[in-house]
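Per-entry structural report
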Amino acid sequence: MPPESRLSAEGRPKAADRLDDDQYPAYTMGRAAELIGATPGFLRSLGEAGLISPTRSEGGHRRYSRRQLRRAARARELVDQGTPIEAACRIVVLEDDLDAALRMNEELRREAGRTPGVNGDRRGE
């Protein structure tokens, strides 16, 4: 599909092209709550705790992305195990931070393997 045909009349990506976007706020509060087996109130409390910040539609309704739903589902698991919601939110943030650091570390290791060594040799080739 040519790039210009992937845009709406307003110049934005067509909705179908955003379905793979982890950050796209595609889910209403009711659907999001249903998907993670929680209540809308639970989602609101995660927002109040700062774990997720839903986008607002033009009508003011909350919209959630898949990434936010994964974070909310993990928090729900922890709360179901007896962890207080504030602690659950902090754990989810720390897990995300650790995951990002591990990915960055792996990327740096791959790059270091492609960098010429001290003697001009190329490691990893």
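Residues numbered from 1 in each chain as written. Predicted model: local features only at pLDDT ≥ 70, side-chain atom pairs only at ≥ 80, totals over all residues. Heavy atoms only, no water.

Side note on the pattern of salt bridges
Going through the model one piece at a time under the given rule, you end up with eight salt bridges. Among the salt bridges present, the one from R76 reaches D80, with a minimum N-O distance of 3.4 Å. Highlighted residues: R76 and D80, both in helix 3 (residues 66-80), separated by four residues, approximately one helical turn. On the basis of relative accessibility, which here comes to 27%, the residue R76 falls in the partly exposed class. (Salt bridge = Lys/Arg side-chain N within 4 Å of Asp/Glu carboxyl O. Helix = DSSP H or I, 4+ residues; strand = E, 2+ residues; numbered from the N terminus. Buried < 20%, exposed > 50% of the residue type's maximum accessible area, 1.4 Å probe, protein only.)

Observations regarding the environment of R76
Taking the C-alpha atoms as reference points, R76 and A38, 38 residues apart in sequence, are found 7.4 Å from one another. The contacts of R76, once residues within four sequence positions are left out, are I36, G37, A38 and F42. A polar side-chain atom of R76 sits 2.7 Å from the main-chain carbonyl oxygen of G37. (Contact = heavy atoms within 4.5 Å. Polar contact = N/O pair within 3.5 Å; in protein donor to acceptor, adjacent residues only side chain to side chain.)

Focus: helix 2 (residues 40-49)
Within the span of helix 2, buried status applies to F42, L43 and L46. Down the axis of helix 2, the buried side of the element spans an arc of 100 degrees, and every buried residue falls inside it. Residues of helix 2 that are buried make contact with helix 1 (29-36), strand 3 (62-64), helix 3 and helix 4 (85-114). After helix 2 finishes, the residue G50 shows a positive phi value of roughly 90 degrees. (Arc of directions from axis to C-beta.)

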